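Residue-level listing of the chains:
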Amino acid sequence: MGIRQIAFAVFVTFSTGLLSFGQDVEIEIRETSKQCDDYLTWAPTSARIRLKTPQATPQDVVLTNDPGNAAGVPTGGDVWFSEGTLSAGAAPPTVDKTELSLSLPANGDWVKFLVAGWFGRTSSEDKDTIIIAYAGSATGAEIGRIALMVRIRKNALDLTDGERDRLLDAIKKLRDNGDYKTYQNIHSVGVGEAHSYRAAGVLVSGRAFVAWHRCFILDFERELQEIDPSVSLPYWDFSKPAVHRDTGKRLFSSRFLGENPVAPTGNPFSLPPVDVQFHSSNKLAGWTTDLEPPGVPAVPGAGALLRRRQFDRGQTPVESTFVSLPSDVDVVLPGTFSLFSGMEGTPHGSAHVWGGGSLGSVPIAVQDPLFFLLHCNVDRLWAQWQRLGNPADPRYGNGAAAYEPQNPRTFPSTSPSFHKGHYLEDSMWPWNGEIGSGTVRLDDRPVDAPGGQFPQVKGLSPGLKPRPLDTFDYQGRLNTAANMGFGYSDDPFKP
Ligand SMILES: [Cu+2]
């Protein structure tokens, strides 16, 4: 009975030419009808389904991924399914089914289920992942579908031309609307909030370096996604040649992040950085380092074209004689958090210096968009370190218990050790809006807090004023509420 009714409804919907055929069930991702939040990572995400119109009897449905090469169906990402729900404070159930059978109540009540990106099967276009609902069994009539995206941070060399161009376009639009400059301001004003630094000749350790930058690049990525929701930050895997092994595509090419001449002989560090060249079709063509929106006069002395050192970054760093960057394996070796924090110098600092030009100088590094790809890789390395070497802490997860300094903190400190904002439960500048007098005192803050509070996406962490503590369980492995809504192409939800 139920199926016959459904089949009839399919006919009606089809014959009136509405949407696609057979929209007899409604499916919602994150339990909202909005399509702007239908983006998945590897982390389990809540979803629900119901009969649009009450029926005489309950209806069995089977949810599957789109059937590959069927007409009108994109070959994009895929998802895994599971029964169940997410509950804040708890780990999610395992989500690993390729199809899911559910019984929908006759009265049209919602039935909750879970979805997650199928590890290794990412999207490359917006909404190229289709979940299809079939009546009764997977060979039954289609009675509904929903399009979503498995949106994952990928190796920049693996992007399609379309993904590459949408990224560059979004970055350019962010610059043109004046917001890119805000990130430059934050990073230059907040050096001590985000890094280790020297005060009165003593090195003050910036332990929140990875946590702060995890937030910084996520803030930036969310702004790009406001412009184009299909964009995610790619990473520059700087310990390997920036040339794709099979396609030969290069990151440092005129159609991507720009190319530079290579010093024929000698040490490029002893030569001045040179202008980066872009193809005229590249949205970054003409990118200058003044970072004013169009029509606003450049600040004196600024406005030069983007420059980098004359290195060939298509080589491995060690091949270049003048640069040495450790392999990923060496960076993510299990060890204490303070040991891992040494990566702020090598390889992170080394990669900046290897880039040279703007990228090689902390206060102006953000002027080069490569900054965000470099830091995406720094964050990916941290994610790997968390997964490989650090047993989950029952309270915080993924290494928060190993983090130091933990609370409590006291100021003034008797000896320079950590700045305010670097303790586990401190709120981080600038999102906390705290301003001070801009001295190097450990409890002082910069004179300005550009950019405002952290941009919010419903159901995702962190909150308006993130703390280092909020950044560890970024996939919500131990606490689903901690999920920050990003993931890496080579870092699965579970080891
Ligand atoms: Cu950096």
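Residues numbered from 1 in each chain as written. Predicted model: local features only at pLDDT ≥ 70, side-chain atom pairs only at ≥ 80, totals over all residues.

Chemist: Would you explain the overall build of the chain in this entry?
Modeler: When helices and strands are tallied, the chain shows 9 helices and 13 strands. Counting the 495 residues in the chain, one finds 46% classified as buried. (Helix = DSSP H or I, 4+ residues; strand = E, 2+ residues; numbered from the N terminus. Buried ≥ 20, exposed ≤ 12 C-beta atoms within 10 Å, placed from the backbone.)

Chemist: How should I be thinking about helix 8 (residues 345-355) in this particular structure?
Modeler: Given 3.6 residues per turn, any residue in an α-helix points the same way as the ones three and four places further on. Turning to helix 8, its buried residues are P347, H348, A351, H352, W354 and G355. Taken end-on, helix 8 shows its buried residues confined to a sector of 165°, consistent with a single buried face. Remark: G356 follows helix 8 within two positions and exhibits a positive phi of approximately 75°. (Arc of directions from axis to C-beta.)

Chemist: What exactly am I supposed to notice about the sheet that holds strand 7 (residues 111-117) here?
Modeler: Two modes of strand pairing occur in sheets, parallel and antiparallel, and in both the strands are linked by backbone hydrogen bonds. With respect to topology, 4 strands assemble into an open sheet ordered 1-3-7-5, the strand pairing being antiparallel. Looking at which strands have only one partner, the edges of the open sheet turn out to be strand 1 (25-29) and strand 5 (79-83). In this sheet, adjacent strand axes meet at a mean angle of 30° when their direction is disregarded. Both strand 5 and strand 7 contribute to a ladder of 5 bridges, which runs antiparallel. Its bridge partner being in strand 7, F81 is matched across the sheet by V115. (Pairing = 2+ DSSP bridges. Axes fitted to C-alpha atoms, helices over the stretch in contact; angles between N-to-C directions.)

Chemist: Teacher, can you tell me more about the pairing of strand 3 (residues 45-51) here?
Modeler: Consecutive side chains along a regular strand alternate between the two faces of the sheet. Across the two faces of strand 3 the burial differs, with T45, A47, I49 and L51 buried and S46, R48 and R50 not buried at all. Bridging between strand 1 and strand 3 involves 5 bridges; their strand directions are antiparallel. Bridging across to strand 3, E28 finds its partner in R48. Looking at chain direction, strand 3 and strand 7 are connected through 5 bridges and run antiparallel. Following the sheet pairing, A47 is matched in strand 7 by F113.

Chemist: How should I be thinking about the sheet that holds strand 4 (residues 59-65) in this particular structure?
Modeler: Taken in spatial order, the 5 strands make up an open sheet running 2-9-8-4-6, and their pairing is mixed. With partners counted over all chains shown, the strands left at the sheet margins are strand 2 (39-40) and strand 6 (99-104), one partner each. The pairing of strand 8 (residues 129-135) with strand 9 (residues 142-150) spans 6 bridges and is classified as antiparallel. The residue bridging I132 from the neighbouring strand is R145, located in strand 9.

Chemist: Looking at this model, I keep getting lost on the confidence of the model for the chain. Mind explaining?
Modeler: The predicted structure's coordinates, where accompanied by low pLDDT, should not be read in detail. Residues with a pLDDT of 70 or more make up 88% of the chain, whose mean pLDDT is 87. No element of the chain has a lower mean pLDDT than helix 1 (residues 2-15), at 36, and none a higher one than strand 7, at 98. Note on residues 1-21: pLDDT is under 50 here. Beyond four places in sequence and across chains, it has 29 contacts. Confidence drops under pLDDT 50 across residues 392-397; counting only partners more than four residues distant or on other chains, this segment forms 16 contacts. (pLDDT = per-residue confidence, 0-100. Contact = placed C-beta atoms within 7 Å.)

Chemist: Quick question: what am I supposed to make of the nonpolar core here?
Modeler: Across soluble globular proteins, you tend to see nonpolar side chains buried next to one another. Grouped together as the largest cluster of nonpolar side chains are 113 residues, with contacts concentrated most on V61, V79, F81, V115, A116, A133 and W236. Taken domain by domain, this core gets at least three of its residues from each of domain 1 (2-150) and domain 2 (156-482). (Core = buried A, V, L, I, M, F, W, Y, C linked by C-beta atoms within 7 Å. Domains from an automatic or database assignment.)

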